[in-house]
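Given next are the chains, with one letter for each unit.
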Amino acid sequence: MSAKRGVTLYHSPASRAFTAYWLLEELGVPFRVQTVDIAKGDQKKPEYLKLNPSGKVPTVTDGEVVVSENPAICLYLADRYGYGSLAPRIEEADRGPYLKWMVYSTAVLEPLLMLHHKHIDLPARETGFGGYEDVIGVLTGALKDRQYLLGDRFSAADVMLGSVISTSLYRKELPEHPVLVDYNARLTHREAYHRAADATWPAHLFPAP
């Protein structure tokens, strides 16, 4: 899999690659899609492991640049193709919370929800991400009376954290708190969200989140 000019997204149907696909749709960047079917074990083939030794999707290549892990992909793509719009500029006050929510999505929310779903709720003092109720309070507090994470401004952080919230609500891993449900509704009404969902969650196989 040699690098080519332009963006290529390596994805698998009904996977976390939805997040990167959604952001590319929001950015309006032309990109090529290479399917790596994890149901068939394609992610463990030697040619793919050269790109992503973890054997996970998604991975994005942009010329000679190779990026994996959704928050890193979102940070790279938004800075590269949406700097000043979907990515706040470095000197903007919004840059701080933007970076926080990017990291929070998979450093805090995802692992916490996975543990909670398995009925493992560790005391907040024993983890780096806090307790379940505390995290729900942080999310609902951040989004109360706000359109998006940065207020009225939609950003790539809404794609990253929003995709985790959206799929977690669908899977019943998050409580249907009115603030979270309303936020998710705003996200799912975006045209780019629908294009990504239609492309990555085949209706005949999986219902979209």
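Here, the structure is the one placed above.
So, here's what we can say about the structure. Because the structure is a prediction, the values reported are computed rather than measured.

About the criteria used
- Residues numbered from 1 in each chain as written.
- Predicted model: local features only at pLDDT ≥ 70, side-chain atom pairs only at ≥ 80, totals over all residues.
- Heavy atoms only, no water.
- 1 Å grid on protein atoms, 1.4 Å probe; cavity = no way out; pocket = protein on both sides within 12 Å on 5 of 7 lines; lining within 4 Å.
- Points joined across faces, edges and corners; volume = space filled by probe spheres on them.
- Helix = DSSP H or I, 4+ residues; strand = E, 2+ residues; numbered from the N terminus.
- Nonpolar A, V, L, I, M, F, W, Y, C, P; charged D, E, K, R; others polar.
- Axes fitted to C-alpha atoms, helices over the stretch in contact; angles between N-to-C directions.
- Parallel < 35°, antiparallel > 145°, perpendicular 65-115°, else oblique.
- Left-handed = near helix turned anticlockwise from the far one by under 90°.
- Contact = heavy atoms within 4.5 Å.
- Core = buried A, V, L, I, M, F, W, Y, C linked by side-chain atoms within 4.5 Å.
- Buried < 20%, exposed > 50% of the residue type's maximum accessible area, 1.4 Å probe, protein only.
- Salt bridge = Lys/Arg side-chain N within 4 Å of Asp/Glu carboxyl O.
- Pairing = 2+ DSSP bridges.

**Thoughts on the layout of surface pockets**
By rolling a water-sized probe across the atoms, one finds the places where empty space is left.
Right, on to step 1. What the largest pocket holds in volume is close to 640 Å³.
Right, on to step 2. Around the largest pocket, the lining comprises 29 residues; the ones closest to its centre are Ser 15, Arg 16, Val 57, Asn 70 and Glu 110.
Right, on to step 3. If you tally residues by element for the lining of the largest pocket, the top one is helix α6 (residues 156–170), at five residues.
Right, on to step 4. Partitioning the lining of the largest pocket into residue classes produces 11 nonpolar, 11 polar and seven charged.

**What about the packing of helix α4 (residues 95–117) against helix α5 (residues 132–143)?**
Right, on to step 1. Axis separation between α4 and α5 bottoms out at 10 Å; the angle between their running directions is 140°. One way to sum up the angle between α4 and α5 is to call them oblique. The hand of the α4/α5 crossing is left-handed. Counting all contacts with α4, which are made through Trp 101, Tyr 104, Val 108, Leu 109, Leu 112, Leu 113 and His 116, the residues of α5 involved are Tyr 132, Val 135, Val 138, Leu 139 and Ala 142.
Right, on to step 2. Broken down by class, the residue content of the contact of α4 with α5 amounts to 11 nonpolar, one polar and no charged.

**Digging into the nonpolar core**
Right, on to step 1. Residues Trp 22, Leu 139 and Ile 165 are the most contacted members of the largest nonpolar core, which totals 54 residues.
Right, on to step 2. Listing elements by their share of this core, those giving two or more residues are β1 (7–11), α1 (17–27), α3 (70–82), α4, α5, α6, α7 (178–188) and α8 (191–200).
Right, on to step 3. Among residues more than four places away in sequence, those in contact with Leu 139 are Trp 101, Tyr 104, Leu 109, Leu 161, Ile 165 and Leu 180.
Right, on to step 4. Counting residues in hydrophobic clusters, the runner-up holds five residues, among them Tyr 10, Val 36, Leu 51 and Val 57.

**Here we look at the pattern of salt bridges**
Right, on to step 1. Applying the stated criterion across every chain yields a total of 10 salt bridges.
Right, on to step 2. Among the ionic pairs, Arg 190 bridges to Glu 26, the shortest N-O distance being 2.8 Å. With Arg 190 in the loop between α7 and α8 and Glu 26 in helix α1, the pair connects residues that are 164 residues apart, well separated along the chain.
Right, on to step 3. Since its relative accessible area comes to 22%, Arg 190 is described here as partly exposed.
Right, on to step 4. Lys 45 serves as the salt-bridge partner of Asp 42, at 3.2 Å between the closest nitrogen and oxygen.

**So, the sheet that holds strand β4 (residues 65–68)**
Right, on to step 1. Across the sheet, four strands lie side by side as β2-β1-β3-β4; this open sheet has mixed pairing. The open sheet is flanked by β2 (31–35) and β4, the only strands paired with a single partner. Averaged over all pairs of adjacent strands, the angle between their axes in this sheet comes to 20°, without regard to strand direction.
Right, on to step 2. Pairing of β1 with β2, which is carried by five bridges, proceeds in the parallel orientation.

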